[in-house]
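Secondary and tertiary structure notes
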Amino acid sequence: MARPDSHIEILLKSGRLVLANWPIKLTALVLAVVLWAVVTAEETTTQLVDVTLVVQPPEGRAVIGELPAVQARYRGTQRELLKLLPSPPVIRKDIPATTGSTLELRLSPEDLEGVEDADVAALEILPESIMVVLDDIHRKTVPVRSRGSFRPDSGHQ
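In this report, we go over the structure that sits alongside the text. (Residues numbered from 1 in each chain as written. Predicted model: local features only at pLDDT ≥ 70, side-chain atom pairs only at ≥ 80, totals over all residues. Heavy atoms only, no water.)

Here we look at the pattern of salt bridges
Counting across every chain of the model gives five salt bridges. Residues arginine 73 and glutamate 124 are paired through a salt bridge, measuring 2.8 Å at the closest nitrogen-oxygen approach. One end of the pair, arginine 73, is in strand 3 (residues 70-77); the other, glutamate 124, is in strand 7 (residues 121-126), with 51 residues separating them in the sequence. According to the relative accessible area criterion, arginine 73 is partly exposed, its value standing at 26%. Classification of glutamate 124 by relative accessible area gives partly exposed; the value is 26%. Lysine 83 is paired through a salt bridge with glutamate 80; the nearest N and O atoms lie 3.1 Å apart. A relative accessible area of 36% places lysine 83 in the partly exposed class. Under the relative-accessibility criterion, glutamate 80 is labelled buried at 15%. (Salt bridge = Lys/Arg side-chain N within 4 Å of Asp/Glu carboxyl O. Helix = DSSP H or I, 4+ residues; strand = E, 2+ residues; numbered from the N terminus. Buried < 20%, exposed > 50% of the residue type's maximum accessible area, 1.4 Å probe, protein only.)

Dropping the structure here:
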């Protein structure tokens, strides 16, 4: 049977072993974490990045409602993917003149702008298409009659 003091002695010895040369052990731990971060930053990965969507409606029309959130999946190193966070990529779409009030816009990776300084590749856009609702066009034919009379100046017919 073990003495009760032996458990305490074992704990004290293991505590001394952990605390022995603690500056060297702490330095080794910090260097291991830094090395892990450097290797992870160079590893190729994929990441979803928020995209700013700018829709330009036809002249005299307006987009009704909010546009859905759009994201792009990029592939690159973590270091390069971090360059996309301060200024997110942009998709600009001009809506052609139409009489309809609902239009489906297709989005593709080729539409992305604003990633020139990052060495990344756009893989896909989520969602691939969105529905845009425009305000209605109201037309009414109204007869117009002139209430005045016009006479040409002298020398003109």
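Here's the deal with the environment of aspartate 111
Along the chain, aspartate 111 turns up in the loop between strand 5 (102-106) and strand 6 (112-113). It is 16 Å that separates the C-alpha atoms of aspartate 111 and proline 96, two residues lying 15 residues apart in sequence. In this structure aspartate 111 touches Val90, Ile91, Lys93 and Arg106, once residues within four positions along its chain are discounted. (Contact = heavy atoms within 4.5 Å.)

So, unusual backbone geometry
Both trends apply: most residues other than glycine have a negative phi, and most peptide bonds are in trans. Leucine 126 connects to proline 127 through a cis peptide bond whose omega is -5°. Considering the arrangement of structural elements, one finds proline 127 in the loop between strand 7 and strand 8 (129-134).

What to know about the sheet that holds strand 3
The strand order across the open sheet formed by five strands is 6-4-1-3-7, and the pairing between neighbours is mixed. Strands at the two margins of the open sheet, each flanked by one partner only, are strand 6 and strand 7. (Pairing = 2+ DSSP bridges.)

Focus: the nonpolar core
One finds Tyr74 and Leu84 to be the most contacted residues of the largest nonpolar core, which totals 21 residues. Among the elements of the structure, strand 1 (44-56), strand 3 and strand 8 are those that each provide at least two residues to this core. Residues in contact with tyrosine 74, not counting those within four places in the same chain, are Thr45, Thr46, Gln47, Val49, Leu81, Leu84, Pro89, Leu112, Val115, Val120, Ala121 and Ala122. (Core = buried A, V, L, I, M, F, W, Y, C linked by side-chain atoms within 4.5 Å.)

What about a nonpolar patch on the surface?
Taken together, the side chains of Trp22, Leu26, Leu29, Val30, Val33, Val34 and Val38 make up a nonpolar region of the molecular surface, amounting to roughly 670 Å² of accessible area. Within the secondary structure, valine 30 sits in helix 2 (residues 22-42). Among the residues examined, valine 30 registers a relative accessible area of 45% and is labelled partly exposed. (Patch = residues over 30% accessible without salt bridge, like charges linked within 9 Å, V, L, I, M, F, W, Y side chains within 5 Å. Areas by Shrake-Rupley, 256 points an atom, 1.4 Å probe, with all protein chains shown as cover.)

A closer look at the sheet that holds strand 2 (residues 63-64)
A sheet is described by the order of its strands in space; here three strands give the open sequence 2-8-5, paired in antiparallel fashion. Edge strands, defined here as strands with exactly one partner in the open sheet, are strand 2 and strand 5.

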